[in-house]
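Descriptive structure summary
Here's the letter readout for the chains.
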Amino acid sequence: MPLTRRTLNAAALTAPLVLSALALPAFAQTKWDLPAAYPATNFHTENLTQFAADVDKATAGKLKITVHANASLFKANEIKRAVQGGQAPIGEVLLVNFENENPVFGADGVPFLATSYAQARKLAAAQKPVLDKLLGAQGLMLLYTVAWPPQGIYAKKEINSGADMRGLKWRAYSPATAKIAELVEAQPVTIQAAELSQALATGVVDSYMSSGSTGYDSKTYESLKYFHDTQAWLPKNAVLVNKAAFDALDKPTQSAVLKAAADAEERGWKVSEEKDNWYKNALAEKGMKIVKPTPKLVADMQQVGAVMLADWEKRAGPDGQAIVKAYRGN
């Protein structure tokens, strides 16, 4: 028998095996990498890890999500583009980081618009329809959001008024925090969460606005001694998924992801609120002075907030006005 015929016969015999192998992807495991910007011990990251475990369990291992914490896979400001471009199928971002791309992303970064968890949930509900439309046009899908604890001012000295902030080397991590620096005449320096500890230790920055969570995670108490509990706003982290990657999942797996996301949202908001006081107490135990803001500082910061809200509504146009109207219920 010629060699070519033997080869063809062998191929014919193995064809059923090849076809069988080609049928395997229907039962194959899908693996997703999930880049996140914060430490593994941060409550947002712990929530992501639980979300991934819930998906794994609900799909019997069919969809495996690996969380990459502390900006180890992509830097904070690169994650959204990575998910949008398909470099990562899913990722967690801080929405206010992308206000320069579209003002809608910065709704929860306007100082003193929403200052409690109840108000922040109401603002999130008002923002969601606009966010869904905006992200959908970018090939993205919003799975869930979770707020950070309320934002206060970290500084090396006690601040009693807006004037006391003049000249501070101010960490800016979003357009909103950069705008605050401009309005109070501080010096903005762009520093992401993963770089904050080093920036504080080396004196690159000596003040910033963030939550008790960030102050604790970054060991801010080693460099700064005052946290002014202004409760200025509650920015949200959002877990985004590439729409094409989500659509490629079968229906039961999609349902499992959506259910796990809904559970993660409820759990995350609850933990955030519970952790708020815990973080402040932990900072105090590390020697940080937790300061109730003076009426003058509150009034000055509310004035900053009013200027920023008017500016934000103008830039956000009808979408922004619709969000504020829905939030205020008028």
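In what follows, the structure referred to is the one given above.
Residues numbered from 1 in each chain as written. Predicted model: local features only at pLDDT ≥ 70, side-chain atom pairs only at ≥ 80, totals over all residues. Heavy atoms only, no water.

We now examine the nonpolar core. Counting 86 residues, the largest nonpolar core has F51, L143, Y144 and M165 as its most contacted members. Each residue touching L143, except ones within four places of it in the same chain, is listed here: F51, I90, V239, V241, V257, L258 and A261. Y154, L200, V205 and M288 belong to the second-largest nonpolar core, a separate cluster that totals twelve residues. (Core = buried A, V, L, I, M, F, W, Y, C linked by side-chain atoms within 4.5 Å. Buried < 20%, exposed > 50% of the residue type's maximum accessible area, 1.4 Å probe, protein only. Contact = heavy atoms within 4.5 Å.)

Taken as a whole and judged by the stated rule, the model has 19 salt bridges. Between K64 and D56 there is a salt bridge; the shortest N-O distance is 3.0 Å. On the basis of relative accessible area, D56 is assigned to the partly exposed category, the value being 23%. Between K243 and D247 there is a salt bridge, with the nearest N and O atoms lying 2.9 Å from each other. With K243 and D247 both in helix 8 (residues 243–247), this residue pair falls four residues apart, about one helical turn. Residue class for K243 comes out partly exposed when judged on its relative accessible area of 34%. (Salt bridge = Lys/Arg side-chain N within 4 Å of Asp/Glu carboxyl O. Helix = DSSP H or I, 4+ residues; strand = E, 2+ residues; numbered from the N terminus.)

The next subject is the sheet that holds strand 6 (residues 169–172). Spatially, 7-6-8-5-9-11 is the arrangement adopted by the six strands of the open sheet, whose pairing is mixed. Of all the strands in the sheet, just strand 7 (187–190) and strand 11 (289–291) have a single pairing partner and so form its edges. Mean inter-strand twist for the sheet, computed between neighbouring axes without regard to direction, equals 30°. The sheet contact formed by strand 9 (residues 226–228) and strand 11 spans three bridges and is parallel. Looking at strand 11, one finds that Y226 is bridged to K289. The sheet contacts of helix 5 (residues 175–184) involve strand 6, strand 7 and strand 8 (207–210), and relative to strand 6 the element is tilted by about 155°. (Pairing = 2+ DSSP bridges. Axes fitted to C-alpha atoms, helices over the stretch in contact; angles between N-to-C directions.)

Purely geometric stuff here, so don't read any function into it on its own.
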